[in-house]
Amino acid sequence: MAGEERALAVLLRALQGLAPKDFQEFKTKLSDVHVEGGWNIPKDSLVKAAHPCALAHCMGKNYSEDTAMDIAIGLFEEMNQRDLAEKLLDEKVKEYKRKYREHVVREFLRYKEVNSCLGENLSISSRYTDLTIARKPRSKRGGEHEAVGASRGCADAGNGPGTVTVTAQTLFKPDRDGQTPQVVVLVGAPGMGKTMTVRKVMVEWVEGTLYTQFDYVFCIDCKDIAFTKEASVADLVSKCCPHRRTPSGKILDDQKQLLFIFDGFEALGFSLVQPEVELSSDPREVKPLETTLMSLLKKTVLPESSLLITTRPMALQSLGQCLEGEYYAEILGFSAAMREEYFHRYFENDNKADMAFRFARGNEILYSLCVIPIMSWTVCTILEQELYKKKNLVECSKATTWMSAFYLSRLMKCRGRDNPQDLQRFLHKLCSLAADGIWKHKVLFEEKEIKDRGLDQPDLLPLFLNEEISKKGVDHENVYSFTHLHLQEFFAAMFYVLEDDGEMVSDSGALAKDVNMLLESYSKSRKDLNLTVRFLFGLISQKSIEYADKIIGCRISPQAREDMLRWLQGRHRGISHPSQALKVSELDTFHFLFEMNEKSFAQSALGHFTDIDLQDIKLTLYDQMALSFCIRQWAGLGCVTLRGCSFLQQDPGKELAASVPRSGASGAGGHPRPLAERRQEDLRSPIHLLCQALRHPGSGLRALRLQWCGLSESCCAELAALLAEHPSLARLELGDGTLGDGGVRLLCEGLQQPACRLRTLQLWYSRLTSACCEDLATVLGTSPHLEELDLSFSEGLRDAGVQLLCEGLQRRACQLQTLRLGSCRLTSACCRALAARLVESPHLTCLDLSDNELGADGILQLCQQLRHPTCPLRALGLSTSGLSEEALQELAALRALKPDLKIGNLLKQDVPQAGAMARLPFHRGVLPGAVGPGGRKALPSFRRGPCNNRSHF
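About the thresholds
- Residues numbered from 1 in each chain as written.
- Predicted model: local features only at pLDDT ≥ 70, side-chain atom pairs only at ≥ 80, totals over all residues.
- Heavy atoms only, no water.
- Helix = DSSP H or I, 4+ residues; strand = E, 2+ residues; numbered from the N terminus.
- Contact = heavy atoms within 4.5 Å.
- Core = buried A, V, L, I, M, F, W, Y, C linked by side-chain atoms within 4.5 Å.
- Buried < 20%, exposed > 50% of the residue type's maximum accessible area, 1.4 Å probe, protein only.
- Disulfide = S-S within 2.5 Å.
- Polar contact = N/O pair within 3.5 Å; in protein donor to acceptor, adjacent residues only side chain to side chain.
- Pairing = 2+ DSSP bridges.
- Phe/Tyr/Trp six-rings, centres within 6.5 Å; stacked < 30°, edge-to-face > 60°.
- Lys NZ or Arg CZ within 6 Å of the ring centre and 35° of its normal.

Details of the environment of Val203
Move 1: Looking at the secondary structure, you find Val203 in helix α8 (residues 194–207).
Move 2: Once the C-alpha coordinates of Val203 and Val105 are considered, the two residues, 98 residues apart in sequence, prove to be 6.3 Å apart.
Move 3: Each residue touching Val203, except ones within four places of it in the same chain, is listed here: Phe108, Leu109, Ile124 and Ser125.

Shown next, in the form of C-alpha cells:
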C-alpha cells in the first residue's frame, strides 16, 4: 500500500507540472486508452476530474499502480513531455527494485530440505556454512582446462601457482594485479554447495552486505530455462521477478550495475557454438535461447555487465569456448572448522551436535567425506534420526553405499508401511529411470517420462525426485530430477543388481540389466560411470545384501558378485606386459573394493596380482584409506611403486598452503628422539596410512618405490618404523623429496634395527649434505644386509661426505656391493679415500662416479688401486669428457689389464612426468642457496648442458 501511495504521489506531481492546455490534452488522450483485459475510465469520471489531484485519484481507483504508471509514461512520451516521463519511469524503477528485493527475500531466504519427510522450511542464514573456495588467475584462451582439478575430488585444486583462497563475498574483488573480475565461473562437483552459495549471495545482496556495487543481481536457474525455445535478455530478467511490468529497458541501460547469475549451467545441455553473425547486441531482441545466452557470454550484448556462472566440471570445456578473460573459482568443500560449524548449525543443539560430530570425527572415512557438503548433510540427517531414537551411533555404517541404503530405508519407512509391494514396484521403476538417465547423461526428466514409467504417484514421487515447476505457463509440463546426482547414480546401480519379480520385469523398459555391459563400457570409455560402478560394489557386499533384504525388502542378485569379481580379476591383465608381474595400475580398483569393504572378496580379487603401480595422482585421504584397506588384505603384494603421487591430508584449507618440512623429528643437538615417541607424534604424516597398512601381519612386501612424491622429513619416522618391522622389505627407493639430513638420520635408525633386512637403498634428489654421511657410514659398517647404496644427484654431498662414507666401507661387517655417487659434485679430493677402499672392501663390485669432475689426479689415484689383483671391482662409472691425455692413457692401460672391468657412464637419468613435476614445491636436485645464473635455481649437472659421457673403452 505504501508503494502505491508513493507512485500516485509522483504521478500527481507530474500532472501538476502540466500547463492547463497540456493537462486537457492528457485527459483527452487518456479517454482513448484501452487497457487489454481491463476497463476504461468512464467518460463522466474524466469530466469530473477537473484538476490533477482528482485525475490522479481517478486513475488510482480504476487502474492498478503499474497500469496507471505505464499509461501516464506512454501519454507523456506521446506529448513530448520527456522529463515528466523520465521522472515517472525513475519512480517505477525504484518501486520495481523494492518489489524485486522483497521477492528475492521470499524466494531465497528460506528453503525446504531435500524432501518433505525429513525436512522443513529453513533459513539460509541459519544453515549456510562458509566453504573453502580457490580462485585461479585470470584465464587466457584454453585456460578453462587448467581451472580446476575436477577429476580428483574436493581439495585438489588449491595447490597451483597463483591460486588464492576466496569466499563468496570476495569473488568479484580485484585480484593481485588489480584486475576486477567481470566473469567468474564457480565450479564444483555435485553436492559441493553451489546453489546454496548462490542463495546466500542473493540474500546478502538484499541485506546490503554483499555486492553493493550492483543495483541488480538476477539469478537464473538453468534448469528452469532449459526447455525454453526463444527469449531475449529482457525476457530472462522478467522471469526473475513475477512483477507484471518489468521496466527492463531502464534497468538494462546501466550495464555496469548488473550481475547475472546462471546457476547450474550444465543443465542446459545444448551446444553454445553459434556463428558470430547470429549473435545479438540488443537485449530486447528475441532469439533462440542458445543464441541469447551465447551473446551474453561472448559479451556482444550488455558487454559491461558481470556474470557469475555455477557449473559442474563436466560443462567446463564447452563453457570455456564461449568466454574470454574469465576467472575460475572452485569450491573445495568444508575445512575441519567448517565441518564442525555445519554440524552445530544443523542440530541447533550443542549436545546433539557434539555427539554427532564426535562420531563423524572418530570415523576417518566418514569425516573425510564430510568435506563434501551434501555428505555432511546426509550424515547429519541419518544421525539425527538415530539420536531421535536414542540409538548407539556406533551402529551407523561407514560405507557411502550403506549410508545411502540406510537413508533410502528411512524414506521408504515414512510411506511404505501399508503397501510394501507398491513401494517395491515403484523402487524398481525409479531405478530404471535413474539408469536410463545415467547412460544418456540425463538429469532432467519430463513429465511424460514420469507418467510412462508409472512413477506419477504423489505419495512416493516427492520422496525421491524434485519437481521443477514450469514458469512458462500451463501449456508447459514440469520437469523432474533426482534430489542429487549421487542419489541418481546410487539408484542406477541398484537397477543392475536388484532381482525382479516376474510382474516387474516388464516395467524395466528397454534398458538391459547387464552388469557386464556396464563394466565393459566403464573400462573402455565411460569413465563418468565411476560412481555408479562404485555403488555396485557397495551393494553386492554381504552386509548390503542382508540389509536390503531385511530392511528395504529388495533382493540383490548373487550372480552380480561373481561377474564383478571376474571383471576385477581380468581388467589389469591387458595392462601388464606378459613378461612382467601382474600390476594394479588403476586407483579405482581400490575404491571399488574399499566401498564393498569385504575382506574375503578383496583377497580373491587381488590374489592374482603382485604389484601396485600408480603414477601422477593426488592421493586424497579417501584414496589413501582405500589403498590401505586393500593392502591389508593383499598377502601376495610384493612391490609398491608410486611415481609423481602426492599425499593430501584432510583439511582443504591446509592443502592450499605450501608444504613445509617438519623440523620436529630431531631432539636437542640434532640427535633423533626415540623412534616410538616420534611415531606417536607423526601419526598425521602424509604417508602414515600407507606405512601402517604395509606393516600389517603377513605382509610380504619386497620393494617400495616412492619417486617424485614430494616426501619430507616428517615421513621418515614412518619409513624407519616400516624398515624396523618389515624383514621382507629388501628395496627402498626414494626420490625427489625434501628428506634432508634429518630424514636420513631417521632412516638410518630404522636400518640399524635387528629385524631390518634392506638390501638396496636409493635416495635421489633428497637434498643430502655431508652431515648425514656419518649416520650412513654407521649403517654401512654394521648392516649385514645392505648391498647397494645409491645417493645419485645429491649435489650437497661433496667430497667431505664421501670421505665419511669411506669410513663405513672399511669396516669388516660392511657387505656393500654397489655404491652410486653420480652427479654429486665430487672432485679429485675424495679419490684417495675411495681408492683405498677399492682394495680393502672385498664385496664392492660397482662404484659409480659418473658426471663428477674428478680430474686427471683423481682418475690416476683410482686406476692405481684398480690395477691391484685383489681389487674386486667389476664396474666403474666415470665421465671421460675433458680428461687429459695422460688420464685417458691410464684408463686404456687399465682396460687392457682388466678386460672384464666395465668403465663408462653408469648414471641413470629417471625424469618424472610433467604433471608430477608441476605439483612439487621444488625443482629436482635444487639445494637451498644453489642458485644459477640470473638468480634461477640450478638443475642437476647432467641437465645443465651437453656432455660427452661416452666411454672411450
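Some remarks on the nonpolar core
Move 1: By size, the foremost hydrophobic cluster in this structure holds 265 residues, and its most contacted members are Phe260 and Phe491.
Move 2: Core analysis: the second largest hydrophobic core is formed by 31 residues, Leu18, Val33, Leu88 and Leu89 among them.

Quick word on the state of the cysteines
Move 1: By the definition in use, this model includes zero disulfides.
Move 2: Of all cysteine sulfurs, the one in Cys370 lies closest to Cys380, which takes part in no disulfide; the gap is 6.8 Å.
Move 3: Given the relative accessible area of 0%, Cys380 is considered buried.

Some words on the side chain of Glu788
Move 1: If you trace the backbone, Glu788 turns up in strand β23 (residues 788–790).
Move 2: Within the local environment of Glu788, its side chain forms a polar contact with the side chain of Arg820, the two groups lying 3.3 Å apart.
Move 3: The residues touching Glu788, leaving out its near neighbours within four places in the chain, are Arg731, Arg759, Thr760, Leu761, Leu816, Thr818 and Arg820.

Some words on the sheet that holds β23
Move 1: Read across the open sheet, the 11 strands follow the order β15-β16-β18-β20-β21-β22-β23-β24-β25-β26-β27; overall the sheet is parallel. Because the sheet does not close on itself, it has two edges, and the strands there are β15 (583–584) and β27 (902–904).
Move 2: Bridge analysis of strand β18 (residues 639–643) against strand β20 (residues 703–707) gives five bridges, and the strand direction is parallel. Its bridge partner lying in β20, Thr641 is registered against Arg705.

Considering the environment of Gln569
Move 1: With respect to the secondary-structure elements, Gln569 resides in helix α26 (residues 559–571).
Move 2: On the basis of relative accessible area, Gln569 is assigned to the buried category, the value being 17%.
Move 3: With residues near it in sequence (within four places) discarded, Gln569 still touches Ser604, Ala605, His608 and Phe609.

A word on the packing of aromatic side chains
Move 1: Applying the stated rule across the entire model yields 34 aromatic pairs.
Move 2: Look at Tyr100 and Phe218: their rings are 5.3 Å apart centre to centre, the planes differ by 50°, and that puts the pair in the tilted class. Of this pair, Tyr100 sits in helix α6 (residues 82–109) while Phe218 sits in strand β6 (residues 216–221), and the two are 118 residues apart along the sequence.
Move 3: What makes Phe218 buried here is its relative accessible area of 0%.
Move 4: Between Phe218 and Phe260 the ring centres are 5.9 Å apart and the planes differ by 35°, which places this aromatic pair in the tilted class. Taken as a pair, Phe218 in strand β6 and Phe260 in strand β8 (residues 258–263) lie far apart in primary sequence, 42 residues in all. Across this residue pair, the class does not change: Phe218 and Phe260 are buried.
Move 5: Aromatic ring contacts, followed pair by pair, group Phe426, Phe445, Phe464, Phe482, Phe490, Phe491 and Phe535 into a single cluster.
Move 6: Lying over the aromatic face of Tyr216, Lys97 brings its terminal NZ or CZ to 5.4 Å of the ring centre.
Move 7: The positively charged end of Lys527 is found above the aromatic ring belonging to Tyr522, 4.6 Å away from the centroid.

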